[in-house]
Amino acid sequence: MKLAVWPAISLIALAACSNANDTAKEPAEQAEEIVVETEETTSQTADADLLLPLPDATSPDITAEDLAVRIKTLADDTFEGRGPGSETGEKAADWIAKEMERVGLEPGGDNGTWFQTVGMVEQSLEESQSSLTFNGGASGEPMEMTLKEDAVLWTKRQEELELEFDDSELVFVGYGVVAPEYDWNDYEGLDVEGKTVVMLVNDPGFARGTDDLFKGKAMTYYGRWTYKFEEAARQGATGAIIVHETAPASYGWDVVANSWSGAQADLVRSDGGASRTVFESWVTEDIARTLFNEAGLDFDELKAAAKEPGFTSVDMGDLTVSGDIVQTVSRMDSRNVIGVLPGKTAPDEYMLYTAHWDHLGKKTGEKTGAPGEDFYQDDIFNGAVDNATGVAALLEVAEAMAQNEHPRSGLFVSVTLEESGLLGSAYYAENPTVPLNEIVAGVNMDGMLPVGRTKDMVVVGYGASELEDILTAKLDAQDRTVKPDQKPEAGYFYRSDHISFAKKGVPMLYADGGVDKIDGGEAAGLAAGEAYTVKRYHKPMDEYSESWDLSGMAEDINVLYQVGLDIIDSDEWPTWYEGNEFEATRQESLGTGGE
């Protein structure tokens, strides 16, 4: 996540869910590193014994009652948080495949199966044997970090079980951005080989808050932490540290700590991650301030300087960092689940729906929440909102569409490893089961909040494509309106699986429930979103409740179904608006633009 785009928080994105553990590279940039599995490498199949039964029956209509059954099942403790590659997590994928079959889809995966195998590496930091320590400050005392409380630490190197780094010099590189189109280079004239770079989160445009730098308050990809770690590796750094601040990150430290504790997944890389820095880390703002003081530097002064053109990097005195990383590394398989509703007259043209099925799994021994709160010390991260809701929505749309024949085909993809950095969708985009230029358009569904009916729907990345025109017309019929994401500075558009397809040119719509509740207005909508973010997002408390009001969710999903119905029953090719960053890629892939 990584939220339903609430102006103040947004599940469509916070992680949206792509948690703090997004992939180190944008999907379109991963092709050379992803190892393509050409044979079936998993023994798990949809014929495996299921842990939970399928619904006895569901309505062909999109209803709150059907949503409740599916969400409750997918968020059940039996699946133990749907961890990719785990026996219980993959059983959830089996369940989804069986449910696709039950509602009338056909297998769309590898070798006539329901699945596309996604080779993955799981890396688990042995916290008791790992360390991160800063030395050489003014006090003369070493500063050893308490992992998860002061810092998070990991490596993307997949082949090594133990790594050490000793007395790596620290250098502050502002936002860690190299952006030629904005005439910006935080690494200009700097050799960071053997050094560790310290960076701020987000980008200079956000910090300036004006429209004359980058995209103003709207985050660019340069503001994503994924980019920053990638750029540090390109520059030859030994390590990379990001300073967490809640406002520019758009989430609190607890999200960072939860997201990078326990097992971490990545795609199998051809170089075993050797091109990455030795270690990657976040530290809290309080720790960062202490480090800058130890280096004789003023954090606030340098932060202010970093947002101005012409900023130059600053050595952090005699301050160095040392550490040990001890990890277990295992290779396993997860799976994307793929169903197809074949079209009758244009079967090679597809309307796509996506929703990720994975969540954070089970983290044995974790103490979460606070004494007196519900689910205190529960160690299963159920992911009811994130994203049992999206998968339930995908199945609802599939069942509704399967009631009738359509000229075009429906393509329903429930991807894995979203919480590990959009990896399942990235893998699919590099290894599609149908040519991407045959996908007419797509809708992504991720983290829908059960807040009841609203007067609006929020579009993340508003102003992107003609799919918004179709959505607007469908909402008009419900006497509702489209609302742009009110926190473009959070970069939500880059945080869910639609971006993997958008980077390949496929027009994608990422819309979610609104904020302006019919019962209570915007104040009630904002309060509900805030409560979810603070208490449940990426926590074990994201559990299904019988008290949920799913009426608004059903209404929203019906709108997204109607958008797809317009496309699957027509010969139109909606495209990106003129000037959109993905327009040229789409036109190149289509050749004639689909005319």
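Each chain carries its own residue numbering, running from 1 in the direction its sequence is written. For this predicted model, a pLDDT threshold of at least 70 governs which residues receive local features, and a threshold of 80 or more governs which side-chain atom pairs are given and counted, while totals over whole chains, interfaces and linings are taken from all residues. Values reported for side chains reflect all heavy atoms of the structure, with hydrogen atoms and water molecules removed beforehand.

Caption draft 1: How the structure looks around the pattern of salt bridges. Each reported salt bridge corresponds to a side-chain nitrogen of Lys or Arg within 4 Å of a carboxyl oxygen of Asp or Glu. Counted by the stated rule, this structure contains 29 salt bridges. Between R335 and D94 there is a salt bridge; the shortest N-O distance is 3.1 Å. Highlighted residues: R335 in strand β13 (residues 314-341) and D94 in helix α3 (residues 87-103), separated in sequence by 241 residues. Comparing R335 with D94 shows no difference in burial state: the two are buried. Via salt bridges that share partners, R70, E99, R102, E396 and E399 belong to a single interconnected network. The secondary structure listing takes helices from DSSP runs of H or I that are at least 4 residues long and strands from runs of E that are at least 2 residues long, numbered from the N terminus. Per-residue accessibility, obtained with a 1.4 Å probe over protein chains only, is compared with the maximum for each type, and a residue is labelled buried under 20%, exposed over 50%, and partly exposed between these values.

Caption draft 2: How the structure looks around α3. For a helix, the expected span equals 1.5 Å multiplied by the residue count minus one. Spanning 17 residues, α3 covers 25 Å between terminal C-alpha atoms, matching the ideal 24 Å at 1.5 Å per step. With its phi angle positive at about 115°, G104 sits one or two positions after the end of α3.

Caption draft 3: Region of the structure containing the packing of aromatic side chains. Side-chain rings of Phe, Tyr and Trp, where Trp is taken by its six-membered ring, are said to pair if the distance between their centres is within 6.5 Å; with planes under 30 degrees apart they count as stacked, over 60 as edge-to-face, and otherwise as tilted. Tallied over the entire structure, the rule returns 22 aromatic pairs. Seen in terms of ring centroids, W154 and W260 are 4.6 Å apart; in terms of plane orientation they differ by 5°. Their pairing is stacked. With W154 in strand β5 (residues 151-154) and W260 in the loop between α7 (253-259) and β11 (263-267), this residue pair connects regions lying 106 residues apart in the sequence. The pair W154 / W260 is uniform in exposure class, with both members buried. Grouped by ring-pair contacts, the aromatic residues W154, W225, F229, Y251, W260 and W282 constitute a single cluster. Consider the ring centre and the ring normal. A charge sits over the ring if Lys NZ or Arg CZ is within 6 Å of that centre and within 35 degrees of that normal. Here the guanidinium or amino end of R335 rests over the ring plane of F115, the centre of that ring lying 4.0 Å away. The ring of F381 has K363 lying over it, and the distance from NZ or CZ to the ring centre is 5.1 Å.

Caption draft 4: Spatial organisation of the pairing of β13. We call two strands paired when DSSP finds no fewer than two bridges between them. Two strands pair when backbone bridges link them, and strand β1 (residues 106-107) and β13 are joined in this way by two bridges, in the antiparallel orientation. If you follow E106 over to β13, its bridge partner there is V340. As defined by bridge partners, strand β3 (residues 131-135) adjoins β13 across five bridges and the pair is classed as antiparallel. Bridge pairing links T133 to S322 in β13. Across eight bridges, strand β6 (residues 162-172) lies against β13 in antiparallel orientation. Looking across to β13, one finds that F165 is bridged to G323. Note: β13 against strand β17 (residues 408-415), five bridges, orientation antiparallel. Along β17, the bridge assignment pairs V337 with S414.

Caption draft 5: Helix α14 (residues 521-535), seen in detail. The end-to-end C-alpha distance of α14 is 22 Å, a good match for the 21 Å that 15 residues give at a rise of 1.5 Å each. When α14 is considered as a whole, its buried residues turn out to be G521, G525, G529, Y532 and T533. The arc enclosing the buried residues of α14, seen along the axis, measures out at 130°, which places them on a common side. Exposed side chains of α14 directed beyond 90 degrees from the buried face belong to A523 and K535. Summarising the geometry, the arc corresponds to the directions from the helix axis toward the C-beta atoms.

Caption draft 6: The nonpolar core, seen in detail. The biggest cluster of nonpolar side chains holds 94 residues, and the ones touching the most others in it are V197, W282, F412 and L471. If you tally residues by element for this core, the top one is helix α10 (residues 384-401), at twelve residues. Residues grouped as a nonpolar core are buried Ala, Val, Leu, Ile, Met, Phe, Trp, Tyr and Cys residues, joined through side-chain atoms within 4.5 Å. The next biggest cluster of nonpolar side chains, apart from the first, holds 53 residues, and it includes M143, A151, A179 and F279.

Caption draft 7: Fine view of the side chain of T58. The residue T58 is located in the loop between α1 (11-14) and α2 (64-74) in this model. For T58, a relative accessible area of 15% translates into the label buried. Of note is the side chain of T58, whose polar atom sits 3.4 Å from the side chain of R70. In protein, a polar contact means a hydrogen-donor-capable atom and an acceptor-capable atom, both N or O and within 3.5 Å, with residues adjacent in sequence counting only if both atoms are side-chain atoms; elsewhere, any N or O pair within 3.5 Å suffices. Separated by 2.6 Å, the side chains of T58 and E399 make a polar contact.

Caption draft 8: Geometry of a negative patch on the surface. A surface patch of like charges, here negative, comprises E162, E164, D166 and D167. Here D167 lies in strand β6. Patches were defined on residues exceeding 30% relative accessible area and lacking a salt bridge, with like-charge contacts within 9 Å and nonpolar side-chain contacts (Val, Leu, Ile, Met, Phe, Trp, Tyr) within 5 Å. Computed by Shrake-Rupley with a 1.4 Å probe, the accessible areas treat only the displayed protein chains as cover when residues are assessed. None of His or the chain ends enter the tally, which takes Lys and Arg as positive and Asp and Glu as negative. Here the site of a charge means NZ on Lys, CZ on Arg, CG on Asp, or CD on Glu.

Caption draft 9: Region of the structure containing the side chain of S322. Counting through the fold element by element, S322 comes out in strand β13. Here D167 takes part through its backbone nitrogen, which lies 2.7 Å from a polar atom of the side chain of S322.

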